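Inside the fold
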Amino acid sequence: MNLDQMQESPTVFHAEKQGAGMRVLVVTAVSAEKEAVLRGIGDTANFRVLAAGVGPVAAAIGTATALATDKYDLVIAAGIAGGFKGRAELGSLVVADEIVAADLGAQSPEGFLSLDELGFGSTLFRADGDWMRRVVEALHKAGLPVTTGAVLTVSTVTGTAETAAELVARVPGATAEGMEGFGVAAAASRCGVPILELRAISNPVGPRDRDAWRISEALEALTAASSVLREVLT
Ligand SMILES: O=C(O)c1cccc(C(=O)CC[C@H]2O[C@@H](n3cnc4c(=O)[nH]cnc43)[C@H](O)[C@@H]2O)c1
């Protein structure tokens, strides 16, 4: 099988509507995140919420499989995440303007070389601007603390201050860090479906301190945000 065949798009069905009745696929990593989203959106037939697994590969496979079997107008990568110091506080929400695969590339004595610099493709997907603005506006209106910025996708959770600083130097707009957004975005983009990423901050990005993770608070924030999603998207 050559590279073109490997990258062939799955059969994709596109829904026709862009307003009421639109179909939304929400992709989380784990079932606790899925349940948090479901508590917020309630009994809403036009949403499907999928826990695809942790990491960009599981996320891409789950998203591509869902898009190959059903019609969707919008895909949302959602879950908890680490927040970069001074940019996203614990318990707050981040809506991605850019979704960046921050550790996809090569190390070199001169520093990290991204996939773009290596000439092998792009490490960035842009979120759908219109839907992003609508969602952020509604979250603000609901009184929820929300910021926008780059959400990084990493395969290894950052565990030192040095790596956190390196990532900010690499991606100046870095606001939050998760492990799935780029995989979800890659699958959605290949299928021509707009993408958003919504994260609730459970921990600071930096020296690993699992006791400092505020997962329940982040899941509550995800539920509150999901209830706003339902209002905006139905
Ligand atoms: O232990 C639990 O109850 C629990 C509940 C929900 C989620 C988890 C996870 O550990 C999910 C892993 C998930 O979290 C994202 N995440 C959160 N913080 C970071 C971070 O600092 N850097 C990278 N990823 C982070 C990530 O997207 C994982 O999928 C546990």
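Residues numbered from 1 in each chain as written. Predicted model: local features only at pLDDT ≥ 70, side-chain atom pairs only at ≥ 80, totals over all residues. Heavy atoms only, no water.

Applied cut-off: UniProt positions are given in the numbering used here, feature names are shortened, and annotations may be inferred rather than shown by experiment.
Going by the annotation in an unreviewed UniProt entry, the name recorded for the protein chain is Futalosine hydrolase, with Laceyella tengchongensis given as the source organism. Looking at the Sequence similarities (unreviewed entry) heading of the UniProt record, one finds this comment for the protein chain: "Belongs to the PNP/UDP phosphorylase family. Futalosine hydrolase subfamily." UniProt lists a comment for the protein chain under the heading Function (unreviewed entry), and it reads "Catalyzes the hydrolysis of futalosine (FL) to dehypoxanthine futalosine (DHFL) and hypoxanthine, a step in the biosynthesis of menaquinone (MK, vitamin K2)."

Comments concerning the nonpolar core
For the record, the criterion: In these notes, a set of buried Ala, Val, Leu, Ile, Met, Phe, Trp, Tyr and Cys residues joined through side-chain atoms within 4.5 Å is what counts as a nonpolar core. Throughout, exposure labels follow a simple rule: accessible area from a 1.4 Å probe, protein chains only, divided by the maximum for the residue type, with under 20% read as buried, over 50% as exposed, and the rest as partly exposed. Here a strand is any run of E in DSSP of at least two residues, a helix any run of H or I of at least four, and the numbering for each starts at the N terminus.
Core analysis: the largest hydrophobic core is formed by 34 residues, its most contacted members being Ile76, Leu93, Leu139, Leu198 and Leu233. Listed by contribution, the elements that provide at least two residues to this core are β2 (24-28), α2 (31-41), β3 (47-51), β5 (74-83), β6 (93-101), α5 (129-141), β12 (195-204) and α8 (215-233). Considering every element that reaches this core, the biggest residue donor is α8, with eight residues. One finds Ala77, Phe125, Ile195 and Ile201 within the second-largest nonpolar core, a separate group that totals 26 residues.

Description of the site of the ligand
Our working definition: Nearness is defined per residue: one heavy atom within 4 Å of the molecule or strand is enough. Definition of a polar contact: a pair of N or O atoms within 3.5 Å, with one able to donate and the other able to accept a hydrogen when the atoms are protein atoms, and with sequence-neighbouring residues admitted only if both atoms are side-chain atoms. Reported accessibility uses the Shrake-Rupley method at a 1.4 Å probe radius. Residues are deemed covered only where the shown protein chains occlude them. Each residue receives one of three labels: charged for Asp, Glu, Lys and Arg, nonpolar for Ala, Val, Leu, Ile, Met, Phe, Trp, Tyr, Cys and Pro, and polar for the others, Gly being one of them.
Glu177, Met179, Glu180, Arg199 and Asn203 are the nearest of the 18 residues found near the ligand. One of the backbone nitrogen or oxygen atoms of Met179 is found 3.0 Å away from an oxygen atom of the ligand. A distance of 2.8 Å is found between a nitrogen atom of the ligand and a side-chain nitrogen or oxygen belonging to Asn203. Against a free-state accessible area of 610 Å², the protein chains account for coverage of 82% of the ligand. Every element with two or more residues in the shell around the ligand is listed here: β5, β11 (174-178) and β12. Split into classes, the residues belonging to the shell around the ligand amount to ten nonpolar, four polar and four charged.

So, the UniProt feature "domain: Nucleoside phosphorylase" (unreviewed entry) in the protein chain
Here the UniProt feature "domain: Nucleoside phosphorylase" (unreviewed entry) sits at residues 50-233. What you have in residues 50-233 is 38% helix and 29% strand, and the ends, taken at the C-alpha atoms, are 17 Å apart.

Things to note about the packing of aromatic side chains
Defined as follows: Here is the rule: rings of Phe, Tyr and Trp (six-membered ring for Trp) pair when centre to centre is within 6.5 Å. Planes less than 30 degrees apart are stacked, more than 60 are edge-to-face, and the remainder are tilted. Sitting over a ring, as applied to charges here, requires NZ of Lys or CZ of Arg to be within 6 Å of the ring centre and within 35 degrees of the ring normal.
All told, the structure shown has one aromatic pair when counted by the stated rule. Ring centres of Phe125 and Phe182 lie 5.0 Å apart, and the angle between their planes is 45°; on these two criteria the pair is classed as tilted. With Phe125 in strand β9 (residues 124-126) and Phe182 in helix α7 (residues 181-190), this residue pair connects regions lying 57 residues apart in the sequence. One exposure class covers both Phe125 and Phe182, and it is buried. Across from the ring centre of Trp131, 4.3 Å away, lies the NZ or CZ of Arg134, which sits over that ring. Its end group placed over the ring of Phe112, Arg170 keeps NZ or CZ at 3.6 Å from the ring centre.

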